[in-house]
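As a plain string of letters, each chain reads:
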Amino acid sequence: MTGDITVNATFDKVPGDFLLKVIKVGNGTVLSDIGGIDCGVTCEKLIFSDPVNPTLVTLSPFPALGSDFTEWSGNGLTGAGPVI
């Protein structure tokens with residue numbers, strides 16, 4: 001080399017398994033449309049996803065008798081209905 005050089009290295013995420021984890025506070029359950037998430041028993045699932053065509057997962061809250069679902073929180077999720 002006889003002078004300064006700038007080089008860019010670009011990395012893309014490869015398809016793989018990602019852990020979807022739901023942490024409940026209070027009484028109720030959360031179900032996923034693709035199965036595997038049933039927070040009455042299991043609250044996490046490995047999901048294969050491709051960054052070009054990501055896997056969409058809808059989570060739906062179901063409060064227990066005498067409870068109300070209030071909100072989602074974490075990873076930018078907001079609102080009180082099903083989330084994708």
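In short, a report on the structure. (Residues numbered from 1 in each chain as written. Predicted model: local features only at pLDDT ≥ 70, side-chain atom pairs only at ≥ 80, totals over all residues. Heavy atoms only, no water.)

### Some words on the pattern of salt bridges
According to the stated counting rule, one finds one salt bridge in the structure shown. We note a salt bridge from K21 to E44, for which the minimum N-O separation is 3.9 Å. In this pair, K21 is assigned in strand β1 (residues 16-21) and E44 in strand β3 (residues 44-49), connecting sequence segments 23 residues apart. Using a relative accessible area of 38% as the deciding quantity, one classes E44 as partly exposed. (Salt bridge = Lys/Arg side-chain N within 4 Å of Asp/Glu carboxyl O. Helix = DSSP H or I, 4+ residues; strand = E, 2+ residues; numbered from the N terminus. Buried < 20%, exposed > 50% of the residue type's maximum accessible area, 1.4 Å probe, protein only.)

### Overview of the environment of L46
Mapped onto the secondary structure, L46 falls in strand β3. Taking the C-alpha atoms as reference, L46 lies 5.4 Å from F18; in sequence the two are 28 residues apart. For L46, the residues in contact, after removing those within four places along its chain, are D17, F18 and L19. (Contact = heavy atoms within 4.5 Å.)

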